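Chain residues, written in single-letter form:
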Amino acid sequence: MARLKLIKKDEEKAGREEELGGQMSFLEHLDELRTRLIRSMAFVLSVAYVFLVVSGYIYSLLARSINYALAKSQQQKKATIAGLNGQHCTVPHNSVH
């Protein structure tokens, strides 16, 4: 007889869920939140790991362009720029102390 009551309660619960239109209980919301937080953390950690692996390549790519610009500026001697207060001379950054 107890088994019939359990089946009857399950049937009532299923009928109630249909009436509610698929609404979730508070604990089901917490379970969904936990699942989404775990997935988000896993995604963030995996992306951080990938960036850690390729960080050397990214750094060398940025450093290459900076070193090129620094080397090019060291090759130039002086440049004269016409300003509002007359002519101004620029010097390479390595000659400034």
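These numbers come from a predicted model, not from an experiment.

**Q** Please clarify how the overall build of the protein should be interpreted in this entry.
**A** Helices and strands together make up the secondary structure of the protein, namely 2 helices and 2 strands. Starting at the N terminus and walking to the C terminus, you meet the elements of the protein as α-α-β-β. When the 97 residues of the protein are sorted by exposure, 2% land in the buried category.

**Q** Explain helix H2 (residues 26–75) here, please?
**A** An α-helical turn contains 3.6 residues, so a residue and the one three or four places further along point in the same direction. For H2, with 50 residues, the first-to-last C-alpha span of 70 Å sits near the 74 Å given by 1.5 Å per residue. A maximum bend of about 50 degrees is found in H2 at valine 54.

**Q** Where do I start with a nonpolar patch on the surface in this structure?
**A** Side chains of Tyr49, Val50, Phe51, Leu52, Val53, Val54, Tyr57, Ile58, Leu61 and Leu62 sit close together on the surface and give an oily, nonpolar patch of about 1,000 Å² of accessible area. Structurally, the position occupied by leucine 52 is in helix H2. Here leucine 52 falls in the exposed class, since its relative accessible area comes to 60%.

**Q** So what exactly am I meant to see when it comes to the pattern of salt bridges here?
**A** Between side chains of opposite charge, pairing is possible as soon as their charged atoms come close. Summed over all chains, the structure comprises 2 salt bridges. Taking the shortest distance from any N to any O, the salt bridge between arginine 34 and aspartate 31 comes out at 2.4 Å. Taken as a pair, arginine 34 and aspartate 31 lie in helix H2 at a separation of 3 residues, close to a single helical turn. Take aspartate 31: its relative accessible area is 37%, and that puts it in the partly exposed class. A salt bridge links glutamate 32 to arginine 36; the nearest nitrogen and oxygen atoms lie 2.8 Å apart. Here glutamate 32 pairs with arginine 36, and both are found in helix H2, just 4 residues apart, close to one helical turn. Classification of arginine 36 as exposed rests on a relative accessible area of 54%.

What counts, and where the lines are drawn
- Throughout, a residue's number is its position along its own chain's written sequence, starting from 1.
- Reporting in this predicted model follows two pLDDT cut-offs: at least 70 for local features of residues, and 80 or more for side-chain atom pairs to be given and counted; totals over whole chains, interfaces and linings ignore these cut-offs and use all residues.
- Note: side-chain values were computed over all heavy atoms of the structure, leaving out hydrogens and water.
- Helix numbers and strand numbers start at the N terminus; a helix is a DSSP run of H or I with at least 4 residues, a strand a run of E with at least 2.
- Relative accessibility under 20% of the residue-type maximum defines a buried residue, over 50% an exposed one, and the middle range a partly exposed one, all with a 1.4 Å probe and only protein chains included.
- The span you would expect from a helix comes to 1.5 Å times its residue count less one.
- One axis fitted to the seven residues ending at a residue, another fitted to the seven starting there: the angle between these axes is the bend at that residue.
- Patches here: salt-bridge-free residues with over 30% relative accessible area, like charges joined within 9 Å, nonpolar side chains (Val, Leu, Ile, Met, Phe, Trp, Tyr) joined within 5 Å.
- Shrake-Rupley sampling with a 1.4 Å probe provides the accessible areas, and residues are treated as covered by the protein chains on show and by no other component.
- A pairing counts as a salt bridge when a side-chain nitrogen of Lys or Arg comes within 4 Å of a carboxyl oxygen of Asp or Glu.

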